[in-house]
Amino acid sequence: MTDQPAADLEIEARVAALEAAVARLVDIVEPSLAASHLAAPIAFPWQKEVAQHEFVARFFALLDLGESLIKYSAALALAALCHAQPASEQAATEFLRQPAPLGGWITSLRNTLNDPAVNTWPIEILRGIFRRPNTKPTDTARYLFDEFVRIRNRERGHGSQQPDGYYEDLYRNNYMSVHDCVRASTHVRLPLVYLHAVDHREGRYAYKVTLLMGVSPATLSEPIHTSIRVPVRSTCLWDRGAFLLPLNDFLVHQYCRTCYMEHSFFSERITAEQVAFHSYIGNHRQTVDRARE
Ligand SMILES: [Zn+2]
């Protein structure tokens with residue numbers, strides 16, 4: 001009887017070691033799951049979760065990852081909506097008039113996926129991830145929009161100390177589902193770029209861009225040639241051809257006044273004068289005047 005806890009601990013340690021070994025193997029066998037293949041807003045929380053040791057830290061990093069995935073998916077869908085129907089930009093940002101709960105992002109994402117008038121790339125990719133052909137939600141949508149949000153709202157809500165093992169159970173019960181959602185989300189592997197300069201000649205634009213994939217952005221040696229005009233300093237999704245989808249204020253890559261580095265932010269609130277941004281990288285916040293150009 002007395003040596004039972006020691007045996008349990010040994011089994012736990014062996015299970016943890018096995019899990020770590022499997023995670024390393026997945027990175028080798030399935031390189032798409034390596035952080036370097038994920039858009040920066042997903043790669044950072046992904047990396048953060050992998051790097052934590054305490055279950056409480058891992059669990060809250062997992063919440064950051066799930067939230068980032070929801071907001072990133074909605075940002076792409078809303079950008080496609082604004083591109084397809086420029087007049088709807090005001091309506092698309094309406095849910096951010098007040099600091100938006102996660103549910104506001106989900107409702108906007110669902111409504112945009114259900115709007116047949118929105119056909120700008122990559123909306124069909126997003127539809128395939130979140131809706132079955134009969135328009136019922138996929139497993140990814142069901143987990144992410146319902147179960148994950150319920151757990152997240154409950155756990156972010158209570159600030160009190162939880163007993164030992166509480167976060168370990170929560171983490172163990174959810175990390176595979178969240179990882180499956182990231183794995184199913186092929187849109188997070190589409191190239192995200194930041195336009196830092198442009199050459200313009202006879203209706204053709206050559207954008208110099210920084211590729212925002214993984215945790216270390218890299219300047220592309222070749223410019224992107226296109227006839228599409230996008231303001232410099234925009235953050236865009238790129239189809240690897242001649243199409244750039246600006247993500248407007250929904251997602252920006254910009255200088256952070258807290259950590260003195262450039263990184264991505266989601267908008268948290270948009271008023272006529274200002275945009276309040278929040279980043280899952282270090283939980284940093286800043287407000288920027290909209291007439292900043
Ligand atoms: Zn920062």
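Keep in mind that this is a model prediction, so the values were computed, not measured.

### Section: the overall build of the protein chain
Moving on, step 1. A tally of regular secondary structure across the protein chain gives eight helices and 10 strands.
Moving on, step 2. Relative to the compact-globule value of 19 Å for 293 residues, the protein chain shows a C-alpha radius of gyration of 20 Å, a close match.
Moving on, step 3. Each of the three principal axes of the protein chain carries a C-alpha extent, and together these read 80 × 45 × 40 Å.
Moving on, step 4. Evaluated residue by residue, the protein chain yields a buried proportion of 34% over its 293 residues.
Moving on, step 5. Considering only contacts in the protein chain between residues 6 or more positions apart, those separated by 24 or more positions represent 54%.

### Digging into the domain arrangement of the protein chain
Moving on, step 1. Per the domain assignment, the segments making up the protein chain are domain 1 (30–189) and domain 2 (192–289).
Moving on, step 2. The gap between the C-alpha centroids of domain 1 and domain 2 is 20 Å.
Moving on, step 3. With 30 residues of domain 1 at the contact, the number on the domain 2 side is 23 residues.
Moving on, step 4. Residue assignment for the side of domain 1 that touches domain 2 shows that the elements contributing at least two residues are α2 (40–51) and α3 (55–84).
Moving on, step 5. Looking at the side of domain 1 that touches domain 2 element by element, the count peaks at 11 residues for α3.
Moving on, step 6. The residue makeup of the side of domain 1 that touches domain 2, split by class, is 19 nonpolar, eight polar and three charged.

### Describing the sheet that holds strand β7 (residues 251–255)
For sheets, the rule is that strands pair by backbone hydrogen bonds, running either parallel or antiparallel.
Moving on, step 1. The strand order β7-β8-β9-β10 describes an open sheet built from four strands, whose pairing is antiparallel. Every interior strand has two partners, whereas the edge strands, β7 and β10 (285–289), have only one. The average undirected angle you get between the axes of adjacent strands in this sheet is 45 degrees.
Moving on, step 2. As paired elements, strand β9 (residues 274–278) and β10 share five bridges and run antiparallel to each other. Across the sheet, residue histidine 278 finds its bridge partner in β10, namely arginine 285.

### So, the packing of helix α5 (residues 102–113) against helix α7 (residues 139–157)
Moving on, step 1. Contact pair α5 / α7: the axes reach a minimum separation of 11 Å and the direction vectors enclose 165 degrees. Relative to α7, the element α5 lies roughly antiparallel. Viewed along their axes, α5 and α7 form a crossing whose handedness is right-handed. In contact with Leu102, Gly103 and Ile106 of α5, α7 contributes Phe145, Val149 and Arg152.
Moving on, step 2. Looking at the contact of α5 with α7, its residues break down into four nonpolar, one polar and one charged.

### Section: α3
Moving on, step 1. Compared with an ideal rise of 1.5 Å per residue, which puts 30 residues at 44 Å, α3 spans 43 Å between its outermost C-alpha atoms and is within 8% of the ideal.
Moving on, step 2. The element α3 is extensively covered by neighbouring structure, given that 25 of its 30 residues are classed as buried.

### Regarding unusual backbone geometry
Moving on, step 1. In this structure, the amide linkage connecting tryptophan 121 to the following residue, proline 122, adopts the cis form with an omega of 5 degrees.
Moving on, step 2. Within the secondary structure layout, proline 122 lies in the loop between α5 and α6 (123–130).
Moving on, step 3. Residue tyrosine 260 is not a glycine yet carries a positive backbone phi of 60 degrees.
Moving on, step 4. For tyrosine 260, a count of 7 C-beta atoms within 10 Å puts it in the exposed group.

### Some thoughts on the pairing of strand β1 (residues 192–201)
Moving on, step 1. As defined by bridge partners, β1 adjoins strand β5 (residues 235–238) across three bridges and the pair is classed as antiparallel. Bridging from a neighbouring strand, tyrosine 194 pairs with threonine 235 of β5.
Moving on, step 2. As paired elements, β1 and strand β2 (residues 204–211) share eight bridges and run antiparallel to each other. Residue pairing in the sheet places valine 193 in a bridge with leucine 211 of β2.
Moving on, step 3. Hairpin connection, β1 to β2: the antiparallel pair is bridged by two residues, and glutamate 202 has positive phi, about 45 degrees.

Conventions and cut-offs
- Residues numbered from 1 in each chain as written.
- Predicted model: local features only at pLDDT ≥ 70, side-chain atom pairs only at ≥ 80, totals over all residues.
- Helix = DSSP H or I, 4+ residues; strand = E, 2+ residues; numbered from the N terminus.
- Rg over C-alpha atoms; globule rule 2.2 N^0.38 Å.
- Buried ≥ 20, exposed ≤ 12 C-beta atoms within 10 Å, placed from the backbone.
- Contact = placed C-beta atoms within 7 Å.
- Domains from an automatic or database assignment.
- Nonpolar A, V, L, I, M, F, W, Y, C, P; charged D, E, K, R; others polar.
- Pairing = 2+ DSSP bridges.
- Axes fitted to C-alpha atoms, helices over the stretch in contact; angles between N-to-C directions.
- Parallel < 35°, antiparallel > 145°, perpendicular 65-115°, else oblique.
- Left-handed = near helix turned anticlockwise from the far one by under 90°.
- Expected span 1.5 Å × (residues − 1).

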